[in-house]
Amino acid sequence: MEYTQQQFENDSKTANFIFNKYFSRYKFYKEDMIQESLIHLVKARKSFKTGGASYRTYACSSCYNCMFNFVRANCNEKYITQLLSDKITDDLTIEDTIGEEMQINELGLDRVF
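Residues numbered from 1 in each chain as written. Predicted model: local features only at pLDDT ≥ 70, side-chain atom pairs only at ≥ 80, totals over all residues. Heavy atoms only, no water.

**Q** Whenever I open this one, the overall build of the chain confuses me. Can you help?
**A** In terms of helices and strands, the chain carries four helices and two strands. The linear arrangement of helices and strands in the chain, starting from the amino end, is α-α-α-β-β-α. Of all intrachain contacts in the chain linking residues separated by at least 6 positions in sequence, the fraction that spans at least 24 positions is 55%. Carbon and sulfur atoms form 52% of the exposed surface of the chain, whose accessible area is close to 8,800 Å². (Helix = DSSP H or I, 4+ residues; strand = E, 2+ residues; numbered from the N terminus. Contact = heavy atoms within 4.5 Å. Areas by Shrake-Rupley, 256 points an atom, 1.4 Å probe, with all protein chains shown as cover.)

Quick look at the structure:
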């Protein structure tokens, strides 16, 4: 069975939909997650058997599982990377909210606990 351009476009839309709906907080890893899920969707298309669920249902669950496994293997929940250029509001970025570092002695402390 040959993988057509239309099938690729449909799988790409599916992968982007699943990422945006469930995994958008991992935007630093978006391209990697989309690529892995597209590879997984090619394999899923080959292994799909008619008679049960529709291909779209099968593809969505396969894509979700692939992305979930990627997050579990590669993303430490404690340290989600956030770009400094990400906007908080239309005219305010995260970088704008970071002030100058305060020295310990400015805080009135003689040591760090």
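**Q** Help me understand a nonpolar patch on the surface, please; the structure alone is not making it clear to me.
**A** Residues Tyr22, Tyr64 and Phe68 make up a contiguous nonpolar surface patch of about 290 Å² in total accessible area. Mapped onto the elements, Tyr22 comes out in helix H1 (residues 5-22). Overall, the relative accessible area of 45% leaves Tyr22 in the partly exposed class. (Patch = residues over 30% accessible without salt bridge, like charges linked within 9 Å, V, L, I, M, F, W, Y side chains within 5 Å. Salt bridge = Lys/Arg side-chain N within 4 Å of Asp/Glu carboxyl O. Buried < 20%, exposed > 50% of the residue type's maximum accessible area, 1.4 Å probe, protein only.)

**Q** Can you help me understand the pattern of salt bridges in this one?
**A** Throughout the structure, instances matching the rule amount to one salt bridge. Here Arg45 makes a salt bridge to Asp11, at a shortest N to O gap of 3.0 Å. Taken together, the residues span a long stretch of sequence, with Arg45 in helix H2 (residues 30-47) and Asp11 in helix H1 at a distance of 34 residues. With a relative accessible area of 14%, Arg45 lands in the buried category. For Asp11, a relative accessible area of 0% puts it in the buried group.

**Q** Would you mind going over the packing of aromatic side chains with me for this structure?
**A** For any two aromatic rings, the description comes down to two numbers: the centre-to-centre distance and the angle of the planes. Taken as a whole and assessed by the stated rule, the structure comprises seven aromatic pairs. Taken together, a centroid distance of 5.2 Å and an interplanar angle of 80 degrees make the contact between Tyr22 and Tyr64 edge-to-face. Residue Tyr22 is located in helix H1, and its partner Tyr64 is located in helix H3 (residues 55-74); the two are separated by 42 residues in the primary sequence. You can call Tyr64 partly exposed: its relative accessible area is 31%. When the ring of Tyr64 is compared with that of Phe68, the centres are 6.3 Å apart and the planes differ by 15 degrees; the resulting orientation is stacked. (Phe/Tyr/Trp six-rings, centres within 6.5 Å; stacked < 30°, edge-to-face > 60°.)

**Q** When you look at the nonpolar core in this model, what are you seeing that I'm missing?
**A** Formed by 16 residues in total, the largest nonpolar core has its most connected members in Ala15, Phe23, Met33 and Met67. Those elements giving two or more residues to this core turn out to be H1, H2 and H3. No other element matches the six residues that H3 contributes to this core. Aside from chain neighbours lying at most four places away, what touches Met33 is Phe19, Phe23, Tyr26, Met67, Phe70 and Val71. (Core = buried A, V, L, I, M, F, W, Y, C linked by side-chain atoms within 4.5 Å.)

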